[in-house]
Amino acid sequence: TGPMSSECLGDFLRITLTAEYFEDKYLSLFVVDQSGTAWELNEAMAAQCGYRVTYTTCRSIQLRASALSCHSHLEKDVFTVTIQIKASHTPDMSNATTHLKSASCYYGPWNPREIKCENNYMEISVRREVPQTIKDFVQDEPEDWTLVFPEAKAEETSIWQIVFHQPEEKRALLVSNAWSAGYGLNATDSRVLLRVPYTAAQVQLVEVGVLLLAPQAARLCRSNQIPSLQDQGITFSVLRSSTFYKYQWVILMVDTAVACPVDGVDYTNKTITWTVPKYIPPLSAGMTSLKDVLVEAGVDLHKLSAKEMASRKYVLLNELTTITMKVPIGAEGGYYKTSVSSGQLGVKYTINLFLEHQWEDNKWGLTKHTIIKEIETPFEQAEVVITNNLNLSAGLMNVTVGTFLPDAELVNLTIEGVVVAVPEAVQHGYLIHRARYANGSKAYVLQVPLDAPSVKKEYMGEDMRTYILNVTLTFITYPSSETFVVPVVALSAVKDAVLPSATGFCDGRNLHLIITRGNVDQNWLPFISDWHLTQEAAQTYNYILRDNGTHLAISVPFPSPHVSYEGFHTSAIKASFYLTLKDDITLAQRRDFSISCLFSPSELIQCLPNGTVIITAIKLVGGEDLDTALLVLRDRQCKPSLVTERTATFKFNVNTCGTSRKFNSTTVTYENEVLYFRPGDAIPIYQLKFLCLYAVEQTADVPYESKKNPPPSIKPGSGCLALSLKLFKEKSYSEPYQESEYPVVKYLREALYFEVELLQPKDARLDLNLDDCWATNSQSQDSLPQWHFLIHGCESNKDSYRTVFHEVNYSFRVKFPQHLKRFEVRMFTFVQGTSLLQE
């Protein structure tokens, strides 16, 4: 319990820093010696002084200390280690809190030679013996070592120097120089210790062969003789050295050779196989016999009994020449951790094995060789399962991502190109939950509303829409700080598509089509055949196109290039207008609409009072091969003045182009016809007769008597009126502001030009009059404050800038001037007390 705990494991002490106390903090580790001095524990010092710091996937920190580590205190086979932890929330370690932990472990009895292979250093500890003849010798003169050899200190246990045995030469270093080179040296009354980092300059890689089990070799082993080695084998890190120390006036030497395996691991058939040779030449120089005493193994420095190993399906083979340990990948004692390779997510199985081999030989007596081996299997790519569970009643997409190992943590999301930290994702409508499982793994559940802006919607046909969530999750691994991403694309099909619908009507001169948008067509484009109907394109043909986001309305004049004429009779012409909505990306045809109306043939002819005739000939459906440019009048020299794909317009005087005339007592009738001849034919295949009637001038007496007529009466009534309110850019009322130009920015006293139009019904008997018009400073028409600029149809006399009405005249766009009202208002701002309301 608490921030730190300790455990004694043979000649190691392990101190664990609990993640609960130290997670997400910056740490500095120190070792405190007997005098109270704190020594910072970095990587170099740890390897030199017998410490190992590891970060577990559970985010705890473990520190292992050897029994004879630097700054530890050894007394009567009890060694004590004191560590200090400084923890801060900032990298500069300001306001750091300090934690102190002291722990002791008993270790004994010591063997004559003990060798440790830690993950970051090798260590050899040798019994320090003094021959009896030297002990019995009495020194006559006072000792004066320091005058002769300054490095030979006066203390009895001092080490004088170390000699490295290289293949080409021997190299000697004084103690101070060896310490500066990264070696750890120590001496007690009973032992001499040398600690070597794997990166030390004098360390060599040596291949140790594995003994063949030939009959002769087997006999040699049984007789404790050392057989010869094969060439190929297992690589060891080796340091051959001799350490010199003084006893009174005598210099003594011990062999401090050390060797640790760096490979020997194989991964086949889902099994880890770790092989260690028994006979290691660098450790066996001078010996002629070798006999096993003890072989034990375990995990995390915990020794396992044969029963415990069998329950975990471990196998420990103590053979004649080798010790082999086999562990199934995934077995108890190890753990899987998240790994990243080239940005891909994967896993590795990690286990911290150790092996203790004790043997007896004729040189050293008893040797204990302890090897700690952190084994990590090769990278294995992992697939991330993504499950989408639609909660239609709640309007949510529930997307489960994973599972992930405990060492992977979601840190941010990329939503529509924007990187968002997990706590901020709620601002984008994302709720993120972590689901934990009994084995420690976890998954992440994303809850996203169907109407979130980042959820795209696609129409699938019929009444189906697909909701698409496309988000990228970024994870980080602990403690390695590797990052990987998981793209999440989740699709949900919902029967909620509302298709656009249309209504249509015609007035005397135009065809009107009003499309009510659904929820699938916001990006569909209006087309007339293959012609994209834009605002600019509509103006080219004097079409009126309005789109307010919920309704798309188009008005097309009866004689226009995109109107089809499907029937022609003396009483009526059937005209049709077709509109198609297409997908904005694929241009696939999504929805077709049409409006058909009957028009009077008189719409095609104008007989002007000055004798000018304007006649429009039309091409009927089915006559696609007719070229309207080749239409002529009776006088074939009279050709059309305006030609479209479906119409030809002639403008001429009644006295020209072969026009005939007939008189009677009241009228004169002018007659002509539009003709179409195939090349070389004398008989036309198209013939459209038309005539104009003009009244003959005459004089008549009309009696007139003035009477006082009663004033007109108005009867109240109710009905459905379709109106529009537009803001125009200039006094000419030629160009309204489009939907995309709002909000419109104006300055005080600038003029605003408004137009109110009665759209339906198109009845010439109706007049549009405005009663009350007012402005508010919010979108609600009932909000306060309000300012009236028309009261009972009149300008407000309270305003220093009066509302100005503008006359509406007949034009091509305005067929019924009495259906429109135009007025001008000056920009103002609301005042509350003495303050201007900026809204």
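If you're wondering where the values come from, they're calculated on a predicted model, not measured in any experiment.

Cut-offs applied
Residues numbered from 1 in each chain as written. Predicted model: local features only at pLDDT ≥ 70, side-chain atom pairs only at ≥ 80, totals over all residues. Heavy atoms only, no water. Helix = DSSP H or I, 4+ residues; strand = E, 2+ residues; numbered from the N terminus. Buried < 20%, exposed > 50% of the residue type's maximum accessible area, 1.4 Å probe, protein only. Contact = heavy atoms within 4.5 Å. Areas by Shrake-Rupley, 256 points an atom, 1.4 Å probe, with all protein chains shown as cover. Lys, Arg positive; Asp, Glu negative; His and termini not counted. Charge placed at Lys NZ, Arg CZ, Asp CG, Glu CD. Pairing = 2+ DSSP bridges. Axes fitted to C-alpha atoms, helices over the stretch in contact; angles between N-to-C directions. Core = buried A, V, L, I, M, F, W, Y, C linked by side-chain atoms within 4.5 Å. Disulfide = S-S within 2.5 Å. pLDDT = per-residue confidence, 0-100. Polar contact = N/O pair within 3.5 Å; in protein donor to acceptor, adjacent residues only side chain to side chain. Domains from an automatic or database assignment. Buried area = accessible area lost by both parts, 1.4 Å probe. Salt bridge = Lys/Arg side-chain N within 4 Å of Asp/Glu carboxyl O.

**Looking at the overall build of the protein chain**
Across its full length, the protein chain carries eight helices and 64 strands. Each principal axis of the C-alpha atoms in the protein chain carries an extent, and together these give about 170 × 80 × 50 Å. In the protein chain, buried positions account for 44% of the 839 residues. Considering only residue pairs separated by 6 or more positions, the protein chain has 59% of its internal contacts joining residues 24 or more positions apart. On the protein chain, roughly 45,700 Å² of surface is accessible, and the fraction owed to carbon and sulfur atoms is 51%. With 76 positive and 92 negative side-chain charges, the protein chain shows a spacing of 5 Å between the two charge centroids.

**Quick word on the sheet that holds strand β5 (residues 51-55)**
If you trace the four strands from one edge of the open sheet to the other, you get β1-β2-β6-β5, paired in antiparallel fashion. In the strand order of this sheet, the two ends are held by β1 (4-9) and β5, each with one partner. Across the sheet, the mean angle from the axis of one strand to that of its neighbour is 20°, orientation sign disregarded. Sheet analysis places strand β2 (residues 12-17) next to strand β6 (residues 61-66), joined by six bridges and oriented antiparallel. Bridge assignment links L13 to a residue of β6, and that residue is A65.

**Points about the sheet that holds strand β61 (residues 804-806)**
Reading across the sheet, the four strands line up as β56-β57-β62-β61 and stay open at both edges, with antiparallel pairing between neighbours. This sheet does not close on itself; its edge strands, each paired only once, are β56 (722-728) and β61. Averaged over all adjacent pairs, the angle separating strand axes in this sheet is 25°, with direction ignored. As paired strands, strand β57 (residues 751-760) and strand β62 (residues 820-826) are joined by seven bridges and run antiparallel to one another. Counterpart to L752 in the pairing with β62 is V825.

**Here we look at the environment of A200**
Among the secondary structure elements, A200 is positioned in the loop between β15 (191-197) and β16 (204-209). For A200, a relative accessible area of 11% puts it in the buried group. Put simply, A200 and G182 are 18 residues apart on the chain and 7.0 Å apart in space, counted from C-alpha to C-alpha.

**Remarks on the environment of L413**
Mapping L413 onto the fold places it in strand β33 (residues 408-415). Once residues lying within four places of it in the same chain are set aside, the contact partners of L413 are V418, V419, V420, V422, A425, Y430, I432, L446, V471, T472 and L473.

**Quick notes on the pairing of strand β32 (residues 396-404)**
Burial runs high along β32: eight of the nine residues are buried. Note that strand β31 (residues 386-391) and β32 share six bridges and pair antiparallel. Bridging from a neighbouring strand, L390 pairs with M397 of β32. Two successive antiparallel strands, β31 and β32, enclose a turn made up of four residues, where G395 displays a positive phi of approximately 65°. Where β32 meets strand β36 (residues 442-449), seven bridges bridge the pair, whose relative direction is antiparallel. Counterpart to T400 in the pairing with β36 is V445.

**Looking at the nonpolar core**
Most often, soluble globular proteins have nonpolar side chains that are buried together. Counting 56 residues, the largest nonpolar core has Y183, V196, Y314, V327 and I351 as its most contacted members. Counting residues per element, this core draws most heavily on strand β28 (residues 344-361), at five residues. Every residue in contact with I351, bar those within four places of it in the chain, is listed here: I272, V299, Y314, V327, G333, G334, K373, E374 and I375.

**Remarks on the state of the cysteines**
On inspection of all chains with the given rule, the structure shows six disulfides. The disulfide that involves C49 links it to C70, with 2.5 Å between the sulfurs. Taking the sign of the torsion about the S-S bond as the criterion, the disulfide between C49 and C70, at about -85°, is left-handed. Within this pair, whereas C49 is found in helix α2 (residues 43-49), its partner C70 is found in the loop between β6 and β7 (73-75), the two being separated by 21 residues in sequence. Here C607 is linked by a disulfide to C692, with a sulfur-sulfur distance of 1.9 Å. Taking the torsion about the S-S bond as the criterion, the C607 to C692 disulfide, at about -75°, is left-handed. In this pair, C607 sits in strand β49 (residues 605-607) while C692 sits in strand β55 (residues 686-695), placing the two residues 85 residues apart along the sequence. The class of C607 is partly exposed, set by a relative accessible area of 33%. Accessibility expressed as a relative area gives 2% for C692, which makes it buried.

**Focus on unusual backbone geometry**
In this model, Y742 is joined to P743 through a cis peptide bond whose omega is 0°. As for its placement among the helices and strands, P743 is situated in the loop between β56 and β57. At the junction of Q760 and P761, the peptide bond is cis and its omega measures out at 0° in the coordinates. Along the chain, the position of P761 falls in the loop between β57 and β58 (773-776). One non-glycine residue, D300, lies in the positive phi region at around 55°.

**Examining the confidence of the model for the protein chain**
Overall, the prediction assigns the protein chain a mean pLDDT of 86, with 91% of residues at 70 or greater. Confidence over residues 212-223 falls short of pLDDT 50; this stretch has 10 contacts with residues more than four positions distant or in other chains. The low-confidence segment residues 225-231, where pLDDT is below 50, has 19 contacts with residues more than four positions distant or belonging to other chains.

**Thoughts on the side chain of K582**
Tracing the backbone through its elements, the reader meets K582 in strand β47 (residues 573-582). Looking at K582, its side chain comes within polar contact range of the side chain of D530, at 3.4 Å. Excluding anything up to four places from it in sequence, K582 contacts N523, W524, L525, F527, S529, D530, L587, A588, Q589 and R590.

**Here's the deal with the domain arrangement of the protein chain**
The domain boundaries assigned to the protein chain delineate domain 1 (4-109), domain 2 (123-135 + 152-208 + 233-376), domain 3 (383-494), domain 4 (501-599), domain 5 (602-695) and domain 6 (722-836). Using C-alpha coordinates to define each centre, domain 4 is positioned 28 Å away from domain 5. Facing 14 residues of domain 4, the contacting portion of domain 5 comprises 10 residues. Taken over both partners, the interface formed by domain 4 and domain 5 buries close to 1,100 Å², and the fraction arising from carbon and sulfur atoms is 69%.

**Some points on the side chain of H806**
Summarising the element assignment, H806 is placed in strand β61. A distance of 2.9 Å separates polar atoms of two side chains, one belonging to H806 and the other to E824. Dropping the residues within four chain positions of it, H806 is found in contact with K731, Y733, Y753, R822, F823 and E824.

**Considerations on the pairing of strand β59 (residues 786-791)**
When β58 meets β59, the two strands line up antiparallel, connected through four bridges. Looking at β59, one finds that T776 is bridged to Q786.

**Structural notes on the pattern of salt bridges**
Applying the stated criterion across every chain yields a total of 31 salt bridges. Where K442 meets E409, a salt bridge forms, and the shortest distance between an N and an O atom there is 2.9 Å. Taken as a pair, K442 in strand β36 and E409 in strand β33 lie far apart in primary sequence, 33 residues in all. Residue E409 is classed as buried on the basis of its relative accessible area, which comes to 14%. Between E755 and R813 there is a salt bridge; the shortest N-O distance is 3.0 Å.

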